[in-house]
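Okay, here's what each chain looks like letter by letter:
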Amino acid sequence: MRLAKVLSGVGRTLIWSGAIVLLFVAYQLWGTGLAHAQAQDDLSDDFAALLETTTTTSSTTTTTEPEDEPATTTTTTTTAPLPPPADGEAVARMVIPKIGVDEIVVEGVSRDDLKKGPGHYPQTPMPGQPGNSAIAGHRTTYGQPFHRVDELVPGDEIIVTTLQGEFRYEVSGTEIVLPSQVEVIDDQGDDRLTLTSCHPKYSARQRIIVSALLVDEPAPATPTRPEVEAPEELADEDVEDGGSIDEGADEVDDDEVEEAGVPVDLESLDGVDERTAGPAVLWGSVTAAIWLAFYALSRLWRRWPAYVLGAPVFAVSLFVFFGAFSELLPANY
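All values reported here derive from a predicted model rather than from experimental measurement.

## Details of the overall build of the protein
For step 1, the next point in the chain: When you go through the protein residue by residue, the secondary structure sums to five helices and twelve strands.
For step 2, the next point in the chain: Counting across all 333 residues of the protein, residues that qualify as buried make up 37%.

Put into structure tokens, the structure is as follows:
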């Protein structure tokens, strides 16, 4: 009899564990899309407002013709350079007709940034500007904007709208690389857009890289970020263009350099991320405590009323726990 009770308890524990694992998978595939959709709605409004307030510079030239012909006046409108955007800010709208993508791009490639939508690598030029502009995006979670990038072939169109105008790119090729091959977002000697995402689907083992060449004329480049003084111990290659080295400066660590506005060199296409187990442990403990409390209530009171009362509380706590726990997993673009 005692063995039967033990086996029954083990069986129920395994069933509950399996159910929670399946719920977590569902959260990753569909639950994260809810947060992404809400973020995209907000970003779309923000970007529309930015477009309305953005001004262009105009120059007027008057040409004098012979006396028997009237003078002609020509007005030229050009896009002005823009200040560097803040992390998480809407910087562009990207449309890829072939695979049904219509997303607002944010500045930055941290986990929090990519939850909102595709993220622009701050180490690269802005879309539409000279050089290699790189954008990362999720492939299986948070709206999976790059789920079908493997279907793009040379000649497919990518349209990017920024505060400097609309720019058209044509896909030139696709390659598979390791996450450590950050050279794919370096300047390639032309004006291009580079899309990065995880490969294969549901894995972070490799990265799929889609390159597209700018068809239109590039816009003026965004000014470099504010300079930060760095010591001799900080090698030249550790400071992006626009950085400076002061021989008399005190030693500065990477975090101080990044906060001052100069991006630290990337070691991986995952970007710069900090992960901590604290929130996951906390919410895991809270969720377990809620389940035990209502389980005890069901034994002391009545089973189904206790379950009905506890289910909403448990579901909310479990949802928050899933979000915290997912931060500990490898970045899954």
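## Observations concerning the sheet that holds strand 7 (residues 157-162)
For step 1, the next point in the chain: Taken together, eight strands build a closed barrel; the order of strands is 3-4-5-6-9-10-8-7 and the barrel is mixed.
For step 2, the next point in the chain: Sheet topology places strand 7 next to strand 8 (residues 165-177); six bridges connect them, and they run antiparallel. Directly across from threonine 161, in strand 8, lies its bridge partner glutamate 166.
For step 3, the next point in the chain: Contacts between helix 1 (residues 2-53) and the sheet are confined to strand 3 (90-96), strand 4 (101-107) and strand 7, with strand 4 contributing the most and set at about 75° to the helix.

## Re helix 5 (residues 303-326)
For step 1, the next point in the chain: For helix 5, built from 24 residues, the straight-helix expectation of 34 Å at 1.5 Å per residue is met to within 8% by its first-to-last C-alpha distance of 32 Å.
For step 2, the next point in the chain: Remark: the principal bend of helix 5, roughly 35°, maps to glycine 310, with a proline, proline 312, within the next four residues.
For step 3, the next point in the chain: Taken residue by residue, helix 5 has Ala306, Gly310, Phe314, Ser317, Leu318, Phe321, Phe322, Gly323, Ala324 and Ser326 as its buried positions.

## Considerations on a nonpolar patch on the surface
For step 1, the next point in the chain: A cluster of nonpolar residues, Trp16, Trp291, Leu292, Tyr295, Trp304 and Tyr307, forms a patch on the protein surface that exposes about 650 Å² of accessible area.
For step 2, the next point in the chain: For tryptophan 304, a relative accessible area of 62% gives the class exposed.

## Re the pairing of strand 3
For step 1, the next point in the chain: Counting buried residues along strand 3, five of its seven residues qualify, which places the element largely inside the surrounding structure.
For step 2, the next point in the chain: As paired elements, strand 3 and strand 4 share six bridges and run antiparallel to each other. What sits directly across from methionine 94, in strand 4, is glutamate 103.
For step 3, the next point in the chain: In textbook terms, the turn of a hairpin is the stretch between consecutive antiparallel strands, and for strand 3 and strand 4 this stretch comprises four residues, one of which, glycine 100, has a positive phi near 70°.
For step 4, the next point in the chain: Bridge analysis of strand 3 against strand 7 gives three bridges, and the strand direction is antiparallel. Bridge pairing in strand 7 links valine 95 to isoleucine 159.

## Quick look at the pattern of salt bridges
For step 1, the next point in the chain: Per the stated rule, a full pass over the model turns up eight salt bridges.
For step 2, the next point in the chain: Residue aspartate 112 pairs with lysine 115 through a salt bridge whose shortest N-O separation is 3.8 Å. Linking aspartate 112 with lysine 115, this pair stays in helix 2 (residues 111-116), spanning three residues, or about one helical turn.
For step 3, the next point in the chain: For aspartate 190, the salt bridge goes to arginine 192, with nearest N and O atoms at 2.9 Å.
For step 4, the next point in the chain: Arginine 192 gets classed as buried once you look at its relative accessible area, which sits at 16%.

## Describing the pairing of strand 4
For step 1, the next point in the chain: By the criterion of burial, strand 4 is predominantly enclosed, with six of the seven residues buried.
For step 2, the next point in the chain: Examined bridge by bridge, strand 4 and strand 5 (residues 119-120) share two bridges and lie parallel to one another. Counted as the bridge partner of valine 106 is glycine 119 from strand 5.

## Things to note about the packing of helix 1 against helix 5
For step 1, the next point in the chain: The interhelical angle for the contact between helix 1 and helix 5, taken along N-to-C directions, is 75°, at an axis separation of 10 Å. With respect to each other, helix 1 and helix 5 are oriented roughly perpendicular. Counting all contacts with helix 1, which are made through Ile20, Leu23, Phe24, Tyr27, Gln28 and Gly31, the residues of helix 5 involved are Leu318, Phe319, Phe322, Gly323, Phe325 and Ser326.
For step 2, the next point in the chain: Grouping the amino acids of the contact of helix 1 with helix 5 by side-chain chemistry returns eight nonpolar, four polar and no charged.

## Regarding the nonpolar core
For step 1, the next point in the chain: One finds Met94, Ile96, Ile158, Tyr169, Leu193 and Leu195 to be the most contacted residues of the largest nonpolar core, which totals 24 residues.
For step 2, the next point in the chain: Counting residues per element, the ones that place at least two in this core are strand 3, strand 4, strand 7, strand 8, strand 9 (192-199) and strand 10 (206-214).
For step 3, the next point in the chain: Excluding residues within four positions of it along the chain, leucine 195 makes contact with Met94, Ile96, Ile135, Phe146, Ile158, Ile208, Ile209 and Val210.
For step 4, the next point in the chain: Core analysis: the second largest hydrophobic core is formed by eleven residues, Leu114, Tyr121, Val182 and Ile185 among them.

## Some details on the confidence of the model for the protein
Caution is warranted with low-pLDDT regions, since their predicted coordinates should not be read in detail.
For step 1, the next point in the chain: Taken as a whole, the protein shows an average pLDDT of 80; of its residues, 76% reach a score of 70 or greater.
For step 2, the next point in the chain: Least confident of the elements in the protein is strand 12 (residues 244-245), whose mean pLDDT is 34; most confident is strand 7, at 98.
For step 3, the next point in the chain: Scored below 50 in pLDDT, residues 56-65 shows 27 contacts in the model against residues more than four places distant or in partner chains.
For step 4, the next point in the chain: Contacts from residues 73-78, a stretch scored under 50 in pLDDT, to residues over four places away or in other chains number 17 contacts.

Thresholds applied
- Residues numbered from 1 in each chain as written.
- Predicted model: local features only at pLDDT ≥ 70, side-chain atom pairs only at ≥ 80, totals over all residues.
- Heavy atoms only, no water.
- Helix = DSSP H or I, 4+ residues; strand = E, 2+ residues; numbered from the N terminus.
- Buried < 20%, exposed > 50% of the residue type's maximum accessible area, 1.4 Å probe, protein only.
- Pairing = 2+ DSSP bridges.
- Contact = heavy atoms within 4.5 Å.
- Axes fitted to C-alpha atoms, helices over the stretch in contact; angles between N-to-C directions.
- Expected span 1.5 Å × (residues − 1).
- Bend = angle between axes of the 7 residues up to and from the residue.
- Patch = residues over 30% accessible without salt bridge, like charges linked within 9 Å, V, L, I, M, F, W, Y side chains within 5 Å.
- Areas by Shrake-Rupley, 256 points an atom, 1.4 Å probe, with all protein chains shown as cover.
- Salt bridge = Lys/Arg side-chain N within 4 Å of Asp/Glu carboxyl O.
- Parallel < 35°, antiparallel > 145°, perpendicular 65-115°, else oblique.
- Nonpolar A, V, L, I, M, F, W, Y, C, P; charged D, E, K, R; others polar.
- Core = buried A, V, L, I, M, F, W, Y, C linked by side-chain atoms within 4.5 Å.
- pLDDT = per-residue confidence, 0-100.

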